[in-house]
Amino acid sequence: MQKTAHRLAAPTAAAALALGAALVSATPAAGAAAPEPLRCERVGAVAEDPAIATVARLLGIAVEDVSGPVGVSCTDARDGDAAVNFCATRNYGVLAVGHRPEGHRCR
């Protein structure tokens, strides 16, 4: 029994460390230049969208402004491209926090 528990605990701990490292590496350094232009499948607010709130909670991401826009399932886009529907100031991979673009441009 003890050997089985140990075998199960090791991969779980490794997965938790990998997720933590991914979240840290996805957070931009202080003083990062311009917002990152993205195309997100869903843009909403934590306070208004239960799906976005669930993703944030599962990842342990505290969003300061729960009424501000958050993007989910985002991919990179060129600034000015018509596909840009979100500007990320913090990108956590699955979830990005930022603002909506002005004319498909992030400022």
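Above this text sits the structure in question.
Residues numbered from 1 in each chain as written. Predicted model: local features only at pLDDT ≥ 70, side-chain atom pairs only at ≥ 80, totals over all residues. Heavy atoms only, no water.

**Student:** Now, about the side chain of Asn91: what can you tell me, with residues and values included?
**Tutor:** The topology assignment puts Asn91 in strand E3 (residues 86-91). Within polar-contact distance, the side chain of Asn91 engages the side chain of Glu36 at 3.3 Å. A polar contact of 2.9 Å, which involves the side chain of Asn91, links it to the backbone nitrogen of Gly93. (Helix = DSSP H or I, 4+ residues; strand = E, 2+ residues; numbered from the N terminus. Polar contact = N/O pair within 3.5 Å; in protein donor to acceptor, adjacent residues only side chain to side chain.)

**Student:** Outline the nonpolar core, listing residues and values.
**Tutor:** Of all hydrophobic cores here, the largest spans eleven residues; its members are Val46, Ile52, Ala53, Ala56, Ile61, Val63, Val70, Val72, Tyr92, Leu95 and Val97. Where this core is concerned, the elements lending two or more residues are helix H2 (50-59), strand E2 (69-76) and strand E4 (95-99). Tallying contributions element by element places H2 first for this core, with three residues. Of all hydrophobic cores here, the second largest spans seven residues; its members include Cys40, Val43, Phe86 and Ala88. (Core = buried A, V, L, I, M, F, W, Y, C linked by side-chain atoms within 4.5 Å. Buried < 20%, exposed > 50% of the residue type's maximum accessible area, 1.4 Å probe, protein only.)

**Student:** Summarise H2; cite the residues concerned and give the values.
**Tutor:** Listed in full, the buried residues belonging to H2 are Ile52, Ala53 and Ala56. All buried residues of H2 lie within an arc of 100 degrees about the axis, which places them on one face of the element. Exposed and oriented more than 90 degrees from the buried face of H2 are Pro50 and Leu58. Where the residues of H2 are buried, they touch strand E1 (36-45), E2 and E4. Where H2 begins, one side-chain oxygen reaches toward the backbone nitrogen of Ala51, 3.0 Å away; that side chain belongs to Asp49. One or two residues past the end of H2 sits Gly60, with phi positive at roughly 70 degrees. (Arc of directions from axis to C-beta. Contact = heavy atoms within 4.5 Å.)

**Student:** Just give me the short version of the state of the cysteines, but keep the residues and values in it.
**Tutor:** With the rule as written, the count across this model stands at two disulfides. In this model, Cys40 is linked to Cys74 through a disulfide, with the two sulfur atoms separated by 2.0 Å. Residues Cys40 and Cys74 are joined by a disulfide whose S-S torsion is about 105 degrees; by sign, that bridge is right-handed. One end of the pair, Cys40, is in strand E1; the other, Cys74, is in strand E2, and 34 residues separate them in sequence. Across this residue pair, the class does not change: Cys40 and Cys74 are buried. Within the protein chain, bonded cysteines paired by disulfides and numbered along the sequence follow the pattern 1-2, 3-4. (Disulfide = S-S within 2.5 Å.)

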